[in-house]
Amino acid sequence: MFGKKSPPITEAWRGITFTRRAIVVGGAQAALFGTLAARMAYISIIDNERYVLESESNRVNLTLIPPRRGWIVDRQGKALANNRVSLRVDIIPDRLHNKDLVLGQLKTLLRLDGDTMERIERDLKAASGFQPVAVAEDVTEQDYASVLVHLPELPGIAPQRGFARNYPTGAAVGHLIGYVGAPTAEEYEKVKDPLYITPGYKTGKDGLEKYFQDMLRGKPGAKRVEVTARGKVVRELSTQPDTQGKTVHLTIDADLQDYAARRLGPESGAAVVIDTLTGDILAFVSMPSFDPNSFSDGISNSEYSWLRADDHQPLINKATRGLYPPGSTLKPMAAIAAIEHGIDPSERHTCIGGYRLGNRFFRCLGTHGSLDMPHAIMKSCNSYFYWVADRLGYDAIAPTARLMGLGEEFQLAGSNQRFGTIPDSAWKMKKYGQPWSASDSLNAVIGQGYVSVNPLQLAVMASRIASGRRLYPRLVNRQFKNDPLPFSAEALGTARLGMDLVVNGPGGTAGRSRLPLDGITMAGKTGTAQVRGLNTGNGKGGTWKFRDHGLFIGFAPVGDPRYAISVIIEHGMGGSRAAAPVAKDILTFLYDREKAMEALDAFETGWGGTIKERMDRNYAAWKAGIAAPDPGLAQ
Amino acid sequence: MIPVPPAIQRIPWKLIALLGSIITFDLLVLYSAAGGNWSPWAWQQGVRFLVFLGIMLGISRMPLRIFEDFSYLGYLGVLLLLLAVELLGFVGGGSQRWLNLGFMNLQPSELMKVAIVLALARFYAQLPPGNTRTFTALWPALVAIGLPAALVMLQPDLGTALAISIGGVVVMFVAGLPFWWFGSAAGAGAAALPVLFSMLHDYQQKRILIFLDPESDPLGAGYHISQSKIAIGSGGIGGKGFLNGSQSHLDYLPEGHTDFIFATMAEEWGLIGGIGLLFAFFLLIRWGTRVALRARTRFGQLTAAGLTMTIFFYIAINLSMVMGLAPVVGIPLPLFSYGGSSMLTIMTCIGIILAVENDSKTGSRRFH
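Throughout what follows, the structure given in this document is the object of discussion. (Residues numbered from 1 in each chain as written. Chains lettered and ligands numbered in written order. Predicted model: local features only at pLDDT ≥ 70, side-chain atom pairs only at ≥ 80, totals over all residues. Heavy atoms only, no water.)

Re the overall build of chain B
Regarding its fold elements, chain B presents 15 helices and two strands. Restricting the contact set of chain B to residue pairs at least 6 apart, pairs at least 24 apart contribute 75%. (Helix = DSSP H or I, 4+ residues; strand = E, 2+ residues; numbered from the N terminus. Contact = heavy atoms within 4.5 Å.)

A word on unusual backbone geometry
All names here are of chain A. The peptide bond linking M287 to P288 adopts the cis configuration, its omega dihedral lying at -10 degrees. For P288, the position within the fold is in the loop between β12 (281–287) and α11 (292–296). Looking along the chain, the bond that leaves A556 and enters P557 is cis, with omega of -10 degrees. In this fold, P557 is placed in the loop between β18 (549–556) and β19 (563–569). Phi angles above zero are rare outside glycine, and R111 is one such case at about 50 degrees. Secondary-structure assignment places R111 in the loop between α3 (99–110) and α4 (114–126). Of note, the phi angle at S380 is positive, near 55 degrees, even though the residue is not glycine.

Structural notes on the packing of aromatic side chains
Taken as a whole and judged by the stated rule, the model has 34 aromatic pairs over all chains. On the basis of an interplanar angle of 85 degrees and a centroid distance of 5.1 Å, the ring pair of F25 of chain B and W269 of chain B is categorised as edge-to-face. Here W269 of chain B lies in helix α13 (residues 261–294) and F25 of chain B lies in helix α2 (residues 13–33), a separation of 244 residues in the sequence. Residues F123 of chain B and Y124 of chain B carry aromatic rings whose centres are separated by 5.0 Å and whose planes lie at 70 degrees to one another, so their mutual orientation is edge-to-face. Of the two residues, F123 of chain B and Y124 of chain B, both sit in the buried class. An aromatic cluster is defined as three or more aromatic residues linked by ring pairs; in this entry it consists of F25, Y31, W38, F242, W269 and F336 of chain B. Across the ring face of F603 of chain A, the terminal group of R263 of chain A is positioned such that the distance to the ring centre comes to 3.9 Å. (Phe/Tyr/Trp six-rings, centres within 6.5 Å; stacked < 30°, edge-to-face > 60°. Buried < 20%, exposed > 50% of the residue type's maximum accessible area, 1.4 Å probe, protein only. Lys NZ or Arg CZ within 6 Å of the ring centre and 35° of its normal.)

Topic: the interface of chain A and chain B
Taken together, the contact pairs 40 residues of chain A with 62 residues of chain B. Interface of chain A and chain B: buried area, both sides summed, is about 4,200 Å²; carbon and sulfur atoms make up 70% of it. Where chain A packs against chain B, one counts zero salt bridges. Run the count over chain A and chain B and you get nine residue pairs in polar contact (both at pLDDT 80 or more). The greatest single-element share of the side of chain A that touches chain B, amounting to 24 residues, is contributed by helix α1 (residues 11–46) of chain A. Of the residues belonging to the side of chain A that touches chain B, the class tally is 21 nonpolar, 10 polar and nine charged. (Buried area = accessible area lost by both parts, 1.4 Å probe. Salt bridge = Lys/Arg side-chain N within 4 Å of Asp/Glu carboxyl O. Polar contact = N/O pair within 3.5 Å; in protein donor to acceptor, adjacent residues only side chain to side chain. Nonpolar A, V, L, I, M, F, W, Y, C, P; charged D, E, K, R; others polar.)

Considerations on the sheet that holds β12 of chain A
Strand-to-strand pairing in sheets goes through backbone hydrogen bonds, with the strands running parallel or antiparallel. Residues and elements named next belong to chain A. Strand order in the open sheet made by the five strands is β12-β11-β19-β18-β17, with antiparallel pairing throughout. Of all strands in the sheet, those with a lone pairing partner are β12 and β17 (523–529), marking the two edges. Each adjacent strand pair in this sheet contributes to an overall mean axis angle of 5 degrees, direction not counted. Two elements, β18 and β19, share seven bridges in a ladder whose sense is antiparallel. Considered in β19, the bridge of L551 is made with I568. Strands β17 and β18 of the sheet are contacted by helix α21 (residues 489–504), whose axis makes an angle of about 75 degrees with β17. (Pairing = 2+ DSSP bridges. Axes fitted to C-alpha atoms, helices over the stretch in contact; angles between N-to-C directions.)

As for the sheet that holds strand β1 (residues 60–65) of chain A
All names here are of chain A. With antiparallel pairing, three strands are arranged side by side in an open sheet as β1-β8-β9. The open sheet has two edge strands with one neighbour each: β1 and β9 (233–240). Each strand axis lies, on average, 25 degrees off the axis of its neighbour in the sheet, ignoring direction. Note that β1 and strand β8 (residues 221–227) share six bridges and pair antiparallel. Looking at β8, one finds that T63 is bridged to K223.

Section: a nonpolar patch on the surface
Among the surface-exposed residues, Y42, I45 and I46 of chain A together with I237 and I272 of chain B lie close enough to one another that they form a single nonpolar patch of about 520 Å² accessible area. Tallying contributions element by element places α1 of chain A first for the nonpolar patch, with three residues. In this structure, I272 of chain B sits in helix α13. (Patch = residues over 30% accessible without salt bridge, like charges linked within 9 Å, V, L, I, M, F, W, Y side chains within 5 Å. Areas by Shrake-Rupley, 256 points an atom, 1.4 Å probe, with all protein chains shown as cover.)

A few points about helix α19 (residues 438–445) of chain A
Residues and elements named next belong to chain A. For α19, the buried fraction is high: six of the eight residues fall into the buried class. In the core, the buried residues of α19 are packed alongside α14 (331–340), β14 (354–357), β15 (360–363), α16 (382–392), α17 (394–403) and α18 (425–432). With its phi angle positive at about 70 degrees, G447 sits one or two positions after the end of α19.

Quick word on helix α6 (residues 139–154) of chain B
Owing to its 3.6 residues per turn, the α-helix brings residues three or four apart onto one side. For α6 of chain B, which comprises 16 residues, the first-to-last C-alpha distance of 22 Å matches the rise-based estimate of 22 Å (1.5 Å per residue) to within 8%. For α6 of chain B, the complete set of buried residues consists of A141, A144, I145, P148, A149, L151 and V152 of chain B. (Expected span 1.5 Å × (residues − 1).)

So, the state of the cysteines
Applying the stated rule across the entire model yields zero disulfides over all chains. For the unlinked cysteine C381 of chain A, the closest cysteine sulfur is that of C351 of chain A, found at 3.7 Å. (Disulfide = S-S within 2.5 Å.)

Overview of the packing of helix α5 (residues 108–126) of chain B against α6 of chain B
Residue and element names in this part refer to chain B. Two numbers describe how α5 lies on α6: the axes approach to 10 Å, and their chain directions differ by 175 degrees. The angle between α5 and α6 places the two elements in the roughly antiparallel class. Across from S109, M112, I116, L120, F123 and Y124 in α5, the residues of α6 making contact are P140, A141, A144, I145, P148 and V152. Split into classes, the residues belonging to the contact of α5 with α6 amount to 11 nonpolar, one polar and no charged. (Parallel < 35°, antiparallel > 145°, perpendicular 65-115°, else oblique.)

Observations concerning the environment of P557 of chain A
Residue classification places P557 of chain A among the buried residues on the basis of a relative accessible area of 18%. Sequence separation between P557 of chain A and L515 of chain A is 42 residues, and the spatial gap between their C-alpha atoms is 9.7 Å.

What to know about the side chain of D585 of chain A
All names here are of chain A. Its place among the elements puts D585 in helix α22 (residues 575–591). Overall, D585 belongs to the buried group, its relative accessible area being 5%. Here the side chain of D585 touches R263 through a polar contact of 2.5 Å, side chain to side chain. If sequence neighbours within four positions are ignored, D585 has contacts with Y259, R263, A596, A599 and F603.

Notes on the nonpolar core
By size, the foremost hydrophobic cluster in this structure holds 126 residues, and its most contacted members are Y124 and F262 of chain B. At 16 residues, helix α14 (residues 298–322) of chain B tops the list of elements feeding residues into this core. Setting aside anything within four residues of it in sequence, one finds F262 of chain B in contact with M40 of chain A together with I232, G274, L277, L319, V322, M323 and L333 of chain B. Residues I339, I397, A529 and Y619 of chain A belong to the second largest nonpolar core, which totals 102 residues. (Core = buried A, V, L, I, M, F, W, Y, C linked by side-chain atoms within 4.5 Å.)

Printed below as a string of structure tokens:
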């Protein structure tokens, strides 16, 4: 009555309080049950889709199957690069739990050496998550089987049956085709394509493999497998096969390519054969070369060092990147320029063993007496051409040289060309700030001095002289206009006649290199290029590095030219001695394989076997030399 | 009609049917969790249930008086046991929660969940009604709860310490202590949360932080919760079907047969299975609450309410945890999670509640 007063606390009150509070507690409990039911409904109805996806991505592991690379075939469809079955073993770092034990097991099972183990450790450190690390590629059937048997004790190890790039003719196509290799980390960063970190996937690294990468690549397949939380594969769910890359058809004649490579033998050099009807490159050889098969398997450090240490430079494609003074091979071209500038080819000049220019005497290789133009080509008389150059100046000859493809960079698939120099007065002024002199003209006309060209350009020049058209070289079916050259028939005819005489005339410089065939003759021009800085000897002997280069350009058959060729033998001491016989055999092969093979077999017996046999032997000797250095040299 | 003998009538058939259906479901889930095998879990869990069912029925036949008389003694005994475990554990150099009884490992902290409820029930039953709102009603209870909770926290076992505290606090609440005491204690507790948090172990702190943001460490400490939600959520309404749960079978769900068994079940049985199990638990809790409301003695009322709360606490915390509503604490799901200790505690609780029910059927209502 007077303000609030607590009710008296009795047992009855306590009973009522208990009932009320027990109902409160029970109500709270029921409410919590309701909350839990609502939560569960929310997760399993509203969020269901999301969690179904997450549970699927837990359960299913998608592995890419690297696509088989497209083939590279020659003009007849014969494979220059194809694929072979390859067994490989990888590590998936995420699933590797007992690293030391597993690596130790692998070391014994696959007989891995210290270098390999070091590389695997290094790769494992650099790899992230699911990016697989290669343990061994191209393992044998037995080793592969032994890994399969031990697989349950080797968590994180993924053996795979895949494909590896195969080059049936090995080193013969090294520089032409290039090679493939595993993509680098930078390449992956650029494209972020998971395929790039799939073991067994290779990209083109050089040559045509690189140039046609997009075409050859193909589409990867995919394999869905069910895995446990620890990465154990429970079962395969589905597999989508890969799509092989497209085939690249080359103009190359595989047999000719192989023959030319073998015929170059132990020499350092290049040979290019062009079809003078179309510009098709039939052979494109630079030797010595590397075996691209070694690269596709992942080349070893020591093999790479061996290739780098070789003074014959097997890693450089001499056909496109070797620059040489062309020497006398430019004389037929100079003859064309001379006729176009009004010199009568029948006009005679007398060779007295050289040519006097002011107070300097420019030497000739002999004393040829009175010569007309074809015979000056035949005898390769310097004096005659000194006289021509002195009369016209090289500025009159250089445009013709360029029309012949010299100094030009061609649009050629997969090649990285150094295109050299055809000098003239403007060029010299720009480069050296000096005016052109008459002696520069004299040097240039015999392919010395500032002139430098690559073997591809020489072959193109030969094909253009032979066809009379501005022929462009091609490796794939690419359309060029190939217009006729703006030269008179007389000019071209004189050059061809001179070249014919070189091989088939009386006392031509390449007279010993006539084709051993009935009714088919070759025309050509030899060249001997002095090696710069020549102070030791006369270039005809002594230290290999200081000997003259031997060059040869030619075409056949003389009457109706079909094939043009250029051959360079580095330090071969002379075109007629070193290069012309090679060209002879290569062209012979096109007409009479048996005869050509006979000649080659004789040579290879002398050289000590095929390219591969010689390379293997050299490599083994080199490795042995590294392992046990000659104590006499170590001093 | 054949008269049913009283001995058979006295057996709580409805309750046994409820427990039996929960266990039957549990055995199916354990069978699936083992990849379609009765061993190692389902078979042993079934046998264990039968043994504990016998113990439960035995306890339920004992007069309620005995529990009341021995409640203090029992509490002291368990407290000593807890202390002994603690001391031996420290001597041993690590956290030791178990006493090896030969046939099973007993956790004294499990016994304490029951003992604290009995001791407080007796305390408030004896307390004169007039003292209910005085300090006399408060401090002995706080000491009685505080001692074992602190000991268990030292083990460290946050979940069990909470379970002991919540059982005791609910007895205090239904005993009629002033409402505002609980309100202000809750307020003070909330205010003291940062301090309490700092007292937790590093791994316990981490669990709570992870709970607040599970995506921050999906492969580490947040893995349990993420995978559990994936399992429940991917089950959908109807579930993936018996023996078809990929999360548990492919080991993505850790502890899929113990603390996270609800997720294992929900993946295969879906929302329907989950709601069914929740309903079964709800019936069990409703039965316990009804027993409390109908109890004949004040001791019986308080005991039944406190033990019911203890059972409910297990269910609520475990389910909140697996559904991502609470941090991961090691609390099993009653009757469902594989393991002996928690099942023994739950069956003992049910046995004592049954004893209260029997007591209220036999005598007349009285309060003292």
